[in-house]
Amino acid sequence: MKKLLSLALATAVSSMAVADFVNTDELGGLESLRSVNISEEAPAELMAKVIEGKRYDLEFVEMPPLVPHQIDRSQTDLNANTCLQCHSSNNASKWGATRIAVSHYKNRDGEQLSAVSPDRYFCLACHVPQHDSKPLKENTFEPVQSLKP
């Protein structure tokens, strides 16, 4: 009974917090990325389109390049990685694709491997397609002067 009462109290407190989540005054000025109260169901936005063919400049050192094409038919799992069909060292020049960086063929200890390192196998952990969508928050990032074009 005591556990049930504690659970009911915790649920009531958390639902009060959820109801006021978009009230920034009570959160010390913190703001939600939602435009409506979290307890209300917001209408779904249209899917953003992938921007294809445009290559973006790298804005900071070691920034993973964005993917300039659709990836919805790509497969990257334990059984296959379709990115390697075009981007591996052996295939990139044949397809006119960007070759995978040499760093992707080294393990954590810096030893050279004959295949893509298991640490770098899941490309979409770092590389993502660019979408034509409105940002959730405005970005004021400026690259260091030495990296500006």
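What you see is a predicted model; the values in this text were computed from it and never measured. Residue numbers here run from 1 along each chain, matching the order of that chain's written sequence. Thresholds applied to this predicted model are a pLDDT of at least 70 for local features of residues and 80 or more for the giving and counting of side-chain atom pairs; totals over whole chains, interfaces and linings are not thresholded and use all residues. Side-chain measures were taken over the full set of non-hydrogen atoms in the model, leaving aside hydrogen atoms and water.

Turning to the overall build of the protein chain, a few remarks are in order. Looking only at helices and strands, one finds three helices and two strands in the protein chain. Expressed as a percentage of the 149 residues in the protein chain, the buried residues total 14%. In short, Shrake-Rupley with a 1.4 Å probe defines the accessible areas, and a residue's cover is counted only from the protein chains shown. Carbon together with sulfur atoms contributes 57% to the accessible area of the protein chain, which is approximately 12500 Å² in total. Each helix is a run of DSSP H or I of at least 4 residues and each strand a run of E of at least 2, with the numbering of both proceeding from the N terminus. Burial status follows relative accessibility: with a 1.4 Å probe on protein chains alone, a residue under 20% of its type maximum counts as buried, one over 50% as exposed, and anything between as partly exposed.

This part takes up the pattern of salt bridges. Note on definitions: salt bridges are taken to be side-chain nitrogens of Lys or Arg within 4 Å of carboxyl oxygens of Asp or Glu. Scanning the model with the defined rule gives one salt bridge in all. Residues Asp119 and Arg108 are paired through a salt bridge, measuring 3.4 Å at the closest nitrogen-oxygen approach. With a gap of 11 residues between them, Asp119 in the loop between helix H3 (92–95) and strand E2 (131–132) and Arg108 in the loop between H3 and E2 connect regions that are remote in the sequence. We classify Asp119 as partly exposed; its relative accessible area is 45%.

Bringing the side chain of Ser88 into the picture now. Counting through the fold element by element, Ser88 comes out in the loop between helix H2 (83–87) and H3. Apart from residues lying up to four places away in sequence, Ser88 is in contact with Cys83, Arg99, Ile100 and Tyr105. Here a residue-residue contact requires only that any non-hydrogen atoms of the pair lie within 4.5 Å.

This paragraph deals with the side chain of Asn81. Topologically, Asn81 is positioned in the loop between strand E1 (49–50) and H2. Contact partners of Asn81, with chain neighbours within four places excluded, come to Gln75, Thr76, Tyr121 and Cys123.

This next bit is on the confidence of the model for the protein chain. By definition, pLDDT measures how confident the predictor is in each residue, and it falls between 0 and 100. Across the protein chain, the average pLDDT comes to 78, with 74% of residues at or above 70. Confidence, read as mean pLDDT per element, is least for helix H1 (residues 2–19) in the protein chain (50) and greatest for H3 (93). Confidence over residues 13–22 falls short of pLDDT 50; this stretch has 12 contacts with residues more than four positions distant or in other chains.

On to the packing of aromatic side chains. Only Phe, Tyr and Trp rings are paired, with Trp represented by its six-membered ring, and only when their centres lie within 6.5 Å; those with planes under 30 degrees apart are stacked, over 60 edge-to-face, the remainder tilted. Inspection of every chain in the model, using the stated rule, returns two aromatic pairs. Residues Phe60 and Phe141 carry aromatic rings whose centres are separated by 6.3 Å and whose planes lie at 80 degrees to one another, so their mutual orientation is edge-to-face. Highlighted residues: Phe60 in the loop between E1 and H2 and Phe141 in the segment after E2, separated in sequence by 81 residues. Using a relative accessible area of 43% as the deciding quantity, one classes Phe141 as partly exposed. When the centroid spacing of 5.1 Å and the interplanar angle of 90 degrees are considered together, the rings of Tyr121 and Phe122 count as edge-to-face. Residue Phe122 is classed as partly exposed on the basis of its relative accessible area, which comes to 39%.

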